[in-house]
Amino acid sequence: METRRDFLRTAVVAAATATLGEVALGAASKIPSPDRRGILCDLTACIGCRSCEAACRKEHGLSSVSSLSELGRSNVPERRRPSPDALTVVNEYKHPNGAGSPTFVKVQCMHCDYPACESACIVGAISKKESGPVLWDTDKCIGCRYCMVACPFQIPSFQYDTALKPDIVKCDFCVHRTEKGGVPACVEICPVEALTYGRRSALIEIARKRIENYPDRYRDHVYGEFEAGGTSYLYLAKTDFKELEFPSLKREPMPGTSESIQHGIFAYFVPPISLYSLLGGLMWINKNRQKAEEETTE
Amino acid sequence: MKLIEQFSAYLVIALFLVNLHAIAQTSGKRTNGCLACHTTEIPTKADPSLKKCPRADMVTVHASADTGPDKIVLQKITGSPDLYEPVLFDHMAHAKMSEMSGNCVLCHHYNPPGSVLACSECHMSETSSKSADLSKPGLKGAYHRQCINCHRESGLAATQCKSCHSAKADASTPSRTTQKATAEVSVTRPTRLVFNTSYDDGKVVTFYHNDHTDRFRLACSACHTNERCSGCHKPAGAFAKQAARVVGGHDRCSPCHSVDGNCSRCHDKEPRPGFNHLRRARFDLARYHSTLACARCHGNRSDYKGLSGDCIACHSQWKSGSFDHRVTGFGLDETHGTVDCESCHLEKDFAKKPTCSSCHDDKKYPDASPGIRVRSVRTKRL
């Protein structure tokens, strides 16, 4: 396991190689594995029972409140974000007419194919795994919280109430389960199978088929198929995703633009060299002028 | 010699190959069903060129509710930990209700031609995420989706686990598998609906739902054929909130009522009162006749014409002498029992007050009574 010291060591080496004129390729240029996993979340099937919330808490030992009856339903209509206590939350969106059944939206890390948090992390504590999950490494993290700012879905949360060693907390796709061939806890518990875990490409096919077979039931949009370059979590819904407060994102990966600017301006060490040569030039001119002035006064 | 042997050997091989080819061709022709699923004559393993699966159009389940099972105990799924007793599903009640909502297909989707398949024939006990077929929910998911989708929509509080499941070793809730399934689901019915139509000379059409169900005794499925469950199962008062909308226009009424010609039969400027047989036909249905079905007197529904007000028109055996007057709640004494009906009921108008003047000058009904009031006796009808 890499530690912070290891990171610093590699950072120094990387800086040295960069001065030699080698540009590190951005995260956006990595092509995700075609075999990566995802979760299809069918919001038309979700009944908002919060079993997934309870199972997630239990699985990660997050809170003493991990049974459905304890969770209750009082805070379901609130707009909640994942927190250090809950890696996933279910929010209720009333039917626009008021009379119809509400839509429930499960919110958690989307596990982007090109994660903005990974790109923003200055120490490489967040990484996208081959099989789909975006994971956070406690040993590398320095607690800068750049990932929280970078995330277009506002997912990573910070243990503000932990003084000594606060963590960044977010959904980990239950890697400890999936590595052993299992499925994430939320998927396993879902009583209506609104959640399906499997190969992302297969899930997209299924989602498309559902839309084709039931055009009245689904809006022709698989949220997450293209958003921000694609996400591991995919959503189907009847209503417009804007009404369910999903952010409208472009197809381009989030880190794409920022990384190309950042990497571009430092390419081949041009900006530092030009900056220092400019400053050096000014100093040299000033020095010459001073000398000339001194000569005239003398 | 050797040459001939060699030649004949080649000949045999050649014939065999030709035969093989022929067999292959004929067998291909015999099945002839490739194009049902493939877009090309010669699909390959690499490119099976499959058509869109016609499953969705193949559903042919048309069975009467009575041919299906009555109650089903859903006990194929055991959770870990196993918290709940098996669930009792009233198949008959749902099958009958489905006649108002698209029939068997409502639940038995994707049923291939032939017999009606149980859920567990297609939906396996393991969840889709763990099975090879990701597209199909497991049995538990399928059950939950099928039930909760409708029950949630109609506000039947089915998101409470205990509305279907009884917890194991829980004495407070009776076991659903043993208890008789009760109709704990109420149906909200409107009494009067006032439609605002676009017809200028009479915008208002008044529809009495209770007349149609109670008085005319129409089965729900006579009018409701393609409803959502929540159309009838909804919280009380929901009808009052929403304005009555004309769905389907004349099509809703036209199977029974003529919609050609006389618009004023239904369209009016004001809401109309409900059906009143006395006002419409001048015949009071009170007492015995109110419990009869319309067709009992009027015959075929398309031909509701006025009938004779004479009792004898229907009650052919009610002749003087054989008629037991007690059915009217009034028993005649011995002297009057043999008197001709028309002597008291002038012009055989039985709605009018009977008269005594045909025989008695000084008597008047009801001061003088030709008998006594009795509790009406039930005699053989008609």
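Every value quoted in this text rests on a predicted model; they were computed, and no experiment measured them.

**Here's the deal with helix α8 (residues 200-213) of chain A**
In step 1: For α8 of chain A, with 14 residues, the first-to-last C-alpha span of 20 Å sits near the 20 Å given by 1.5 Å per residue.
In step 2: Along α8 of chain A, the positions that sit buried rather than exposed are Arg200, Leu203, Ile204, Ile206, Ala207, Arg210 and Ile211 of chain A. Angularly, the buried residues of α8 of chain A cover 160° about the axis, an arc narrow enough to put them on a single face.
In step 3: Close packing links the buried residues of α8 of chain A with β1 (37-42), β8 (195-199) and β9 (233-236) of chain A together with α5 (139-153) of chain B.

**Brief notes about the sheet that holds strand β3 (residues 192-196) of chain B**
Residues and elements named next belong to chain B.
In step 1: Strand order in the open sheet made by the 3 strands is β3-β4-β5, with antiparallel pairing throughout. With one partner strand each, in any of the chains shown, β3 and β5 (267-268) form the two edges of the open sheet.
In step 2: Pairing geometry for strand β4 (residues 204-208) and β5, over 2 bridges, is antiparallel. The residue bridging Val204 from the neighbouring strand is Asp268, located in β5.

**Here's the deal with the interface of chain A and chain B**
In step 1: With 28 residues of chain A in contact, the opposing surface of chain B contributes 20 residues.
In step 2: Each partner contributes to the roughly 1900 Å² buried at the junction of chain A and chain B, and carbon and sulfur atoms together form 49% of this total.
In step 3: The largest contributions to the chain A side of the interface with chain B come from Ile47, Pro191 and Glu193 of chain A, which together make up 28% of the buried area.
In step 4: The interface formed by chain A and chain B includes 1 salt bridge.
In step 5: In this structure, Glu188 of chain A and Lys130 of chain B form a salt bridge, with 2.7 Å as the shortest nitrogen-oxygen distance.
In step 6: On inspection of chain A and its partner chain B, the count reaches 7 residue pairs in polar contact (both at pLDDT 80 or more).
In step 7: Within the residue set of the side of chain A that touches chain B, elements represented by two or more residues are α7 (185-189), β8 and α8 of chain A.
In step 8: If one sorts the elements of the side of chain A that touches chain B by residue count, α8 of chain A sits on top with 6 residues.
In step 9: Its residues assigned to classes, the side of chain A that touches chain B comprises 16 nonpolar, 5 polar and 7 charged.

**Re a negative patch on the surface**
In step 1: Taken together, the side chains of Asp340, Glu342, Glu347 and Asp349 of chain B make up a negatively charged region of the molecular surface.
In step 2: With respect to the element layout, Glu342 of chain B can be found in helix α13 (residues 341-344).

**Structural notes on unusual backbone geometry**
In step 1: Here the phi dihedral of Ala228 of chain A falls at roughly 50°; this positive angle occurs in a residue that is not glycine.
In step 2: As for its position among the elements, Ala228 of chain A is in the loop between α8 and β9.
In step 3: A relative accessible area of 0% means that Ala228 of chain A is categorised as buried.
In step 4: Of note in this structure, Arg217 of chain B is not a glycine but carries a positive phi near 55°.
In step 5: Structurally, Arg217 of chain B can be placed in the loop between α6 (209-215) and α7 (220-223).

**Concerning the nonpolar core**
Residues and elements named next belong to chain A.
In step 1: Counting 42 residues, the largest nonpolar core has Leu43, Leu195, Tyr233, Tyr235, Phe241, Leu244 and Phe246 as its most contacted members.
In step 2: Going through the elements one at a time, β1, α2 (51-60), β2 (89-93), β3 (103-107), α7, β8 and β9 are the ones with two or more residues in this core.
In step 3: Setting aside its immediate chain neighbours within four residues, Leu244 contacts Leu43, Tyr93, Thr103, Val105, Ala237 and Thr239.
In step 4: By size, the runner-up hydrophobic cluster in this structure holds 11 residues, among which are Leu203, Ile204, Ala207 and Val222.

**Section: the sheet that holds β8 of chain A**
Residues and elements named next belong to chain A.
In step 1: With mixed pairing, 3 strands are arranged side by side in an open sheet as β8-β1-β9. Of all strands in the sheet, those with a lone pairing partner are β8 and β9, marking the two edges. Along the sheet, successive strands turn relative to each other by an average axial angle of 25°, direction set aside.
In step 2: For β1 and β8, the ladder comprises 5 bridges, and the chain directions are antiparallel. Of the residues in β8, the one forming a bridge with Gly38 is Gly198.
In step 3: Its contacts with the sheet place α8 against β1, β8 and β9, and it is angled at close to 25° to β1.

Reading the values: the criteria
Counting restarts for each chain: residues are numbered from 1 in the order of the written sequence. To label them, take the chains in the order written and letter them from A, then take the ligands in the order written and number them from 1. Where totals are concerned, whole chains, interfaces and linings use all residues; where local detail is concerned, this predicted model gives features only for residues with pLDDT of at least 70, and gives and counts side-chain atom pairs only at 80 or more. The basis for every side-chain value is the complete set of non-hydrogen atoms in the structure, without hydrogens or water. Only runs of H or I of at least four residues qualify as helices and only runs of E of at least two qualify as strands under DSSP, and these elements are numbered from the N terminus. Between the first and last residue of a helix there are one fewer steps than residues, each counted as 1.5 Å, and that sum is the expected span. Buried residues are those whose accessible area, probed at 1.4 Å on protein chains only, stays under 20% of the maximum for their type, while exposed residues exceed 50% and partly exposed ones sit between those limits. The arc under discussion is defined with respect to the helix axis, by the directions toward the C-beta atoms. Any two residues whose heavy atoms approach within 4.5 Å are treated as being in contact. Each pair of strands is called paired provided DSSP finds at least two bridges between the two strands. Simply put, the buried area is the total loss of 1.4 Å probe accessible area from both parts when two parts are fitted together. One speaks of a salt bridge when a side-chain nitrogen belonging to Lys or Arg is within 4 Å of a carboxyl oxygen belonging to Asp or Glu. Here a polar contact is recorded for every N or O atom pair within 3.5 Å, except that within protein the pair must consist of a potential hydrogen donor and a potential acceptor, and residues adjacent in sequence are included only if both atoms are side-chain atoms. Under the convention adopted here, Pro, Cys and the residues Ala, Val, Leu, Ile, Met, Phe, Trp and Tyr are nonpolar, Asp, Glu, Lys and Arg are charged, and Gly plus all remaining residues are polar. Surface patches are drawn from residues lacking salt bridges whose relative accessible area is over 30%; two like charges belong together within 9 Å, two nonpolar side chains (Val, Leu, Ile, Met, Phe, Trp, Tyr) within 5 Å. All accessible areas in this document rest on Shrake-Rupley with a 1.4 Å probe, and a residue is counted as covered only by the protein chains that are shown. Only four residue types enter the tally: Lys and Arg on the positive side, Asp and Glu on the negative side; His and the chain ends are excluded. In this description, the location of a charge corresponds to atom NZ of lysine, CZ of arginine, CG of aspartate or CD of glutamate. As used in this record, nonpolar core signifies buried Ala, Val, Leu, Ile, Met, Phe, Trp, Tyr and Cys residues forming a set joined through side-chain atoms within 4.5 Å. Axis definition: a line fit to C-alpha positions, over the contact stretch in the case of helices; interaxial angles, taken between N-to-C directions, run 0 to 180 degrees.

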